[in-house]
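Fold and contact review
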Amino acid sequence: MKLSRIAGFFAAAAVMTAAAAAQTPAENPNAACRACIEAHEQFLSSDALHGRGSGTNDELLAATYIASELHAYGIAPAAPGGGYLEIAPAPERPRRAPR
């Protein structure tokens, strides 16, 4: 059974990094630096993740990476079971006959 991770974790990571980038280290010593944010963006958008298609190992890798960053920032998990990832069944795509 293919599983899909909720895209909300990607949105949460984007909001978190944008908010941290808006602050200077003097205002918030825990603020993320621009280079750090760019490094996260480069990894998540890299060819190494093969487009992060739904239900793929690459999507799971990206979601796990974001979950580990949320944990490192001290953001409490909110998924059922106390984790960062919520697993939901995804409908299978109809298979087409070769042309």
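Description of the structure in this document. (Residues numbered from 1 in each chain as written. Predicted model: local features only at pLDDT ≥ 70, side-chain atom pairs only at ≥ 80, totals over all residues. Heavy atoms only, no water.)

Let us now look at the environment of isoleucine 66. Tracing the chain through its elements places isoleucine 66 in helix H3 (residues 57-72). A C-alpha to C-alpha distance of 8.9 Å links isoleucine 66 and histidine 40, two positions 26 residues apart in sequence. (Helix = DSSP H or I, 4+ residues; strand = E, 2+ residues; numbered from the N terminus.)

Moving on, we come to the state of the cysteines. Under the criterion given, the structure shown has one disulfide. Residue pairing for cysteine 33: its cysteine sulfur links by disulfide to cysteine 36, the two sulfurs lying 2.3 Å apart. Its S-S torsion of about 80° marks the bond between cysteine 33 and cysteine 36 as right-handed, since a negative value means left-handed. (Disulfide = S-S within 2.5 Å.)

With that out of the way, let us pick up helix H2 (residues 34-44). Of the positions making up H2, those classed as buried are Ile37, His40 and Leu44. Looking straight down H2, one finds that the buried residues subtend no more than 60° of arc, so they occupy a single side. Projecting away from the buried face of H2 at angles above 90 degrees are the exposed residues Arg34, Ala35 and Gln42. (Buried < 20%, exposed > 50% of the residue type's maximum accessible area, 1.4 Å probe, protein only. Arc of directions from axis to C-beta.)

Attention now goes to the packing of H2 against H3. Closest axis-to-axis distance for the H2/H3 pair is 11 Å, and the angle between their directions is 160°. Between H2 and H3, the angle falls in the class roughly antiparallel. The hand of the H2/H3 crossing is right-handed. Counting all contacts with H2, which are made through His40, Phe43 and Leu44, the residues of H3 involved are Leu61, Ala62, Tyr65, Ile66 and Glu69. For the contact of H2 with H3, the residue count by class is six nonpolar, one polar and one charged. (Axes fitted to C-alpha atoms, helices over the stretch in contact; angles between N-to-C directions. Parallel < 35°, antiparallel > 145°, perpendicular 65-115°, else oblique. Left-handed = near helix turned anticlockwise from the far one by under 90°. Contact = heavy atoms within 4.5 Å. Nonpolar A, V, L, I, M, F, W, Y, C, P; charged D, E, K, R; others polar.)

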